[in-house]
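Survey of secondary and tertiary structure
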Amino acid sequence: MTKETVTQEQAKPETIGVINPYALVESMIGKKINWKAVHNQQKLLEDTLGMPYEKLFDPKHNSPLYAGLKLDQKTQKMVRDSSTATLSKAHDFALNVRNGSGIVWSDPGIFFEEATETSDPIQGGLGDCYFIAALASVAWARTYIIAQRTRATGTSQQAFVDMIEFFKNGASVKIDVTENLPLNSPSNSYIYCRSSETGELWPALYEKAYVFMRKGGSGVCDQLTTADYNAIAGGDPVASIATLTNLTPYYYGNNALSETEIWDKIRQNCLSYKTFNPMVAWTYSTAPAGVNYSSSHIVANHAYSILGWHYSNNRKYVVLRNPWGNTEATLNVDNGTWMAWDTPYYNGPGWWRAANLQSIDGIFALRLDTFKQAFAGFGVGK
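Residues numbered from 1 in each chain as written. Predicted model: local features only at pLDDT ≥ 70, side-chain atom pairs only at ≥ 80, totals over all residues. Heavy atoms only, no water.

**Description of the overall build of the protein chain**
For clarity, the threshold we go by: Helix and strand definitions here come from DSSP, where helices need a minimum of 4 consecutive H or I residues and strands a minimum of 2 consecutive E residues; each element is numbered from the N-terminal end. Three labels apply to residues, based on accessible area from a 1.4 Å probe with only protein chains included: buried if under 20% of the type maximum, exposed if over 50%, partly exposed otherwise in between. Contacts are assigned to residue pairs that have any heavy atoms within 4.5 Å of one another.
Each helix and strand counted, the protein chain has 12 helices and 21 strands in total. The dimensions of the protein chain, computed from C-alpha atoms along their principal axes, are 55 × 50 × 45 Å. Within the protein chain, buried positions represent 55% of all 382 residues. Sequence separation of at least 24 residues holds for 69% of the intrachain contacts in the protein chain that already meet a minimum separation of 6.

Okay, structure coming up:
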């Protein structure tokens, strides 16, 4: 067995998952919030979730954002939590309150509003960041996979039906899914994954179809339960890339690699600063020695998309995206502009994409040495 094979086996993440706190607060309040208009976002999160902001993003504090998972004190790894004990109102809400109460199933839009974009998937009130980060990575690196492997199949009981294709152990699994989604009543705001584009459904429908596949459902997927959704909390972001694309997953642990090796492996999967193979990264279950996740605004046990690389002022950076669409790292980041060359899948002319790294959209460029220290590993499908 080669050193790289051993490294990959050791690096495989098992239960990466944390709830988007902004989505959870919206569900608890029962309506969509214009977060840009909220003067003190941290206070609203604290007041609603019942925990100081600096303790929300690490499971060692029993944060409700990790409902359904818990930190094993001996191994310092996350494991599934079957306990029914109520730790807090927010924790109980994340697990139980949606069981039919205050939920309406409705079709709130259309499959594609514009096109498949990496900024579309926004994680909701479910600890499946591993899947949403993978979905955004595929949308960024292999746009055509989502555009071409999804199609309309007709109607079922007056509900429009789409076919979404996944892969399980290399075999195609085609899921027929209606466009009905669980929404908070009466505001009709989203509970789970949603798109950043108003009225666009494809990220939410991919999540719904994934839940249905994981539960072994048959026939047309229409309505699901809270328990069905909660069952996918915590998982493997690299395996999710394989599920979405049928590409082969490769895992790398940051502890086993030098900064140069990490840099080289990321750049090997990029062209003109942008990934052409979908990549993801994940943090440690709890902050390792020498790392303060709270002050650096990095989230424990969380999955991020890797979008590419950046070089500025003689510094190397890894460009990442938080699937929440916000909450970017603040320690050792570049606040300039990131340029990446994009070539469309339909063989048209390419163009330079420009990303303002000061915008609050979840995208940030993290210095390579900080990425090695604060992130447990990364992976790619190819």
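**Some details on helix α10 (residues 259-267)**
Put simply, the rule reads: Within this analysis, the arc is defined by the directions that extend from the helix axis to the C-beta atoms.
Listed as buried for α10 are I262, W263, K265 and I266. Burial along α10 is one-sided: seen end-on, the buried residues are contained in an arc of 165°.

**Brief notes about the packing of helix α2 (residues 21-29) against helix α3 (residues 41-49)**
As a reminder of what qualifies: Throughout, an axis means a line fitted to C-alpha atoms (over the contacting stretch in the case of helices), and angles, computed between N-to-C directions, take values from 0 to 180 degrees. Roughly parallel means an angle under 35 degrees; roughly antiparallel, over 145; roughly perpendicular, 65 to 115; everything else is oblique. Crossings are classed by handedness, with left-handed meaning an anticlockwise turn of the near helix from the far one by less than a right angle and right-handed meaning a clockwise turn. The classification used treats Ala, Val, Leu, Ile, Met, Phe, Trp, Tyr, Cys and Pro as nonpolar, Asp, Glu, Lys and Arg as charged, and all other residues, Gly among them, as polar.
Closest axis-to-axis distance for the α2/α3 pair is 10 Å, and the angle between their directions is 60°. Considering the angle they form, α2 stands oblique to α3. Between α2 and α3 lies a crossing whose hand is left-handed. Along the contact surface, α2 presents P21, Y22, L24, V25, M28 and I29, while α3 presents Q41, L44, L45, T48 and L49. Tallied by class, the residues present in the contact of α2 with α3 amount to 9 nonpolar, 2 polar and no charged.

**Topic: the confidence of the model for the protein chain**
Selection rule: For every residue, the predictor reports its confidence as pLDDT, a number between 0 and 100.
Per-residue confidence for the protein chain averages 89 on the pLDDT scale, and 90% of its residues sit at or above 70. Looking over the protein chain, one finds the lowest element-wise mean pLDDT in helix α1 (residues 3-11), namely 60, and the highest in helix α12 (residues 368-374), namely 98.

**Digging into the pattern of salt bridges**
Put simply, the rule reads: By salt bridge we mean one thing: a side-chain nitrogen of Lys or Arg within 4 Å of a carboxyl oxygen of Asp or Glu.
A full pass over the atoms with the stated rule returns 4 salt bridges. K43 is the partner of D47 in a salt bridge, and the nearest nitrogen-oxygen pair spans 2.7 Å. Here D47 pairs with K43, and both are found in helix α3, just 4 residues apart, close to one helical turn. Residue classification places K43 among the partly exposed positions, given a relative accessible area of 44%. When the shortest N-O distance is used, the salt bridge between D369 and R367 registers 2.8 Å. By relative accessible area, R367 is classed as buried at 17%.

**Digging into the pairing of strand β20 (residues 363-367)**
The line we're drawing: In this scheme, strands are said to pair when DSSP sees at least two bridges between them.
With 5 of 5 residues buried, β20 is to be regarded as a mostly interior element. Across 5 bridges, the pairing between strand β16 (residues 315-321) and β20 is antiparallel. Paired with V319 across the strands is A365, a residue of β20. For strand β17 (residues 333-334) and β20, the ladder comprises 2 bridges, and the chain directions are antiparallel. Its bridge partner being in β20, D334 is matched across the sheet by A365.

**Notes on the packing of aromatic side chains**
Using the following cut-off: Stacked, edge-to-face and tilted are the three classes for Phe, Tyr and Trp ring pairs, Trp counted by its six-membered ring, which pair at centre distances within 6.5 Å; planes under 30 degrees apart are stacked, over 60 edge-to-face, the rest tilted.
One pass over the full model with this rule turns up 17 aromatic pairs. Centroid distance F131 to Y210: 4.2 Å. Interplanar angle 10°. Geometry classified as stacked. Pair noted here: F131 is in helix α5 (residues 129-141) and Y210 is in helix α7 (residues 202-214), with a separation of 79 residues, a long-range link. Residue classification places Y210 among the buried residues on the basis of a relative accessible area of 5%. With a centroid separation of 6.0 Å and 85° between ring planes, the pair formed by F166 and Y206 is classed as edge-to-face.

**Concerning the packing of α2 against helix α4 (residues 89-96)**
Between α2 and α4, the least distance of the axes is 11 Å, while the angle of their chain directions is 85°. Relative to α4, α2 is oriented roughly perpendicular. Residues L24, S27 and M28 of α2 lie in contact with α4, whose contacting residues are K89, A90, F93 and A94. Tallied by class, residues from the contact of α2 with α4 come to 5 nonpolar, 1 polar and 1 charged.

**Details of unusual backbone geometry**
Between S185 and P186 the backbone carries a cis peptide bond, its omega angle lying at 10°. The phi dihedral of S272 falls on the positive side, at around 55°, and the residue is not glycine. Within the element layout of this structure, S272 appears in the loop between β13 (270-271) and β14 (274-283). With relative accessibility at 31%, the residue S272 sits in the partly exposed group. The backbone of N313 shows a phi angle near 50°, a positive value even though the residue is not glycine. By the secondary structure assignment, N313 is in the loop between β15 (303-312) and β16.

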